[in-house]
Amino acid sequence: MVKTKHIIVLGILAGGMLAVFIFWQSEEAKIKKQFEFITAKIEKRPGESLIVSAAKAKQIKEVFTERCRINAPAYSVYRDILSDELPDIVLRVRAEYSEISLMFQDFDIEFPEQDAAQVNVTVIMEGKSVNGEPVEDLHELKCGLQKIEEVWRFKEIGIVEVLKK
């Protein structure tokens, strides 16, 4: 009888620990999910309707702070963008392509202070222009994120200049 109670208690404890591991996400995992969200909203397949494109573009602002700083020295772009401007920008850029896919890899995530994260990541964009020409681009990004109401949001995105040989 005593052994049965111990087994039941151990089973409940093991089940509780398993639930914690399944449902609890690390801050790194939450941040990576934001990158996955961006990937899903930027991705474009041939024949995508304008309505679907507009819906994806509108949703992207969910993962940005009200004002996001963009730093792209190679393109001479240093600009603050309001989250309300993002859907138009995304829609305009996506319209230049018949296909787009993004892949983020090589994440390096640091937490310099409470509710702030710095993420260095490689982004690979592949696709086809509306003219049918293949497009491939690779960049190193340095992103600043801020945790607002338990949600990680992009506050700054910079393209890291890589020295060429």
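The following paragraphs examine the structure supplied in this document.

Thresholds, definitions, all that
- Residues numbered from 1 in each chain as written.
- Predicted model: local features only at pLDDT ≥ 70, side-chain atom pairs only at ≥ 80, totals over all residues.
- Heavy atoms only, no water.
- Helix = DSSP H or I, 4+ residues; strand = E, 2+ residues; numbered from the N terminus.
- Buried < 20%, exposed > 50% of the residue type's maximum accessible area, 1.4 Å probe, protein only.
- Phe/Tyr/Trp six-rings, centres within 6.5 Å; stacked < 30°, edge-to-face > 60°.
- Arc of directions from axis to C-beta.
- Contact = heavy atoms within 4.5 Å.
- Pairing = 2+ DSSP bridges.
- Axes fitted to C-alpha atoms, helices over the stretch in contact; angles between N-to-C directions.
- Salt bridge = Lys/Arg side-chain N within 4 Å of Asp/Glu carboxyl O.
- Core = buried A, V, L, I, M, F, W, Y, C linked by side-chain atoms within 4.5 Å.

Overview of unusual backbone geometry
Across the chain, the bulk of peptide bonds are trans and the bulk of non-glycine residues have phi less than zero.
Here is step 1: Even without glycine at this site, serine 76 takes up a positive phi of about 55 degrees.
Here is step 2: Turning to its location among the elements, serine 76 is positioned in the loop between strand S1 (64–72) and strand S2 (77–82).
Here is step 3: Exposure remark for serine 76: the relative accessible area of 61% places this residue in the exposed category.
Here is step 4: Residues other than glycine seldom take positive phi values, yet glutamate 150 does so here, at roughly 65 degrees.
Here is step 5: The topology assignment puts glutamate 150 in the loop between strand S5 (134–148) and strand S6 (151–160).

Remarks on the packing of aromatic side chains
Working definition: an aromatic ring pair is given by the centre-to-centre distance plus the angle between the planes.
Here is step 1: In total, this model carries five aromatic pairs according to the counting rule given.
Here is step 2: Centre to centre, the rings of phenylalanine 35 and phenylalanine 154 are 5.0 Å apart; their planes meet at 80 degrees, and the pair counts as edge-to-face. Of the two residues, phenylalanine 35 is situated in helix H2 (residues 27–42) and phenylalanine 154 in strand S6; the sequence distance between them amounts to 119 residues.
Here is step 3: On the basis of relative accessible area, phenylalanine 154 is assigned to the buried category, the value being 1%.
Here is step 4: Their ring planes at 50 degrees and their centres at 5.8 Å tell us that phenylalanine 111 and tryptophan 152 sit as a pair that is tilted.

Quick look at helix H4 (residues 86–94)
Here is step 1: Every buried residue of H4 is accounted for by Leu86, Pro87, Val90 and Arg94. Projected onto a plane normal to the axis of H4, the buried residues spread over an arc of 95 degrees and lie on a single side. Residues of H4 that are exposed and angled more than 90 degrees away from the buried face: Asp88 and Arg92.
Here is step 2: Looking at the packing, one finds that the buried side of H4 touches H2, helix H3 (50–59), S1, S2 and strand S3 (97–113).

A word on the sheet that holds S6
Whether parallel or antiparallel, the strands of a sheet pair through hydrogen bonds between backbone atoms.
Here is step 1: Pairing within the open sheet is mixed, and its six strands lie in the order S2-S1-S6-S5-S4-S3. This sheet does not close on itself; its edge strands, each paired only once, are S2 and S3. Pairwise comparison of adjacent strand axes, ignoring direction, gives a mean angle of 20 degrees for this sheet.
Here is step 2: Bridging between S3 and strand S4 (residues 116–129) involves twelve bridges; their strand directions are antiparallel.

Some points on the pattern of salt bridges
Here is step 1: One pass over the full model with this rule turns up nine salt bridges.
Here is step 2: The partner of arginine 45 in a salt bridge is glutamate 43, and the shortest N-O contact between them spans 3.0 Å.
Here is step 3: Each of Glu27, Lys30, Lys147 and Glu150 takes part in one network of salt bridges that share partners.

Quick word on the nonpolar core
Here is step 1: Ile38, Phe64 and Phe154 are the most contacted members of the largest nonpolar core, which totals 28 residues.
Here is step 2: If we ignore the near neighbours within four places in the chain, the residues touching phenylalanine 154 are Gln34, Phe35, Ile38, Val63, Phe64, Thr65, Cys68, Cys143, Gly144 and Leu145.

Quick look at the pairing of S1
Here is step 1: Two strands pair when backbone bridges link them, and S1 and S6 are joined in this way by four bridges, in the parallel orientation. From the neighbouring strand, phenylalanine 64 faces S6, where its bridge partner is phenylalanine 154.
Here is step 2: In this sheet, S2 lies alongside S1 in antiparallel orientation, the contact comprising six bridges. Within the sheet, the bridge partner assigned to arginine 69 lies in S2 and is aspartate 80.

So far we have only geometry, and geometry alone does not tell us how the molecule works.
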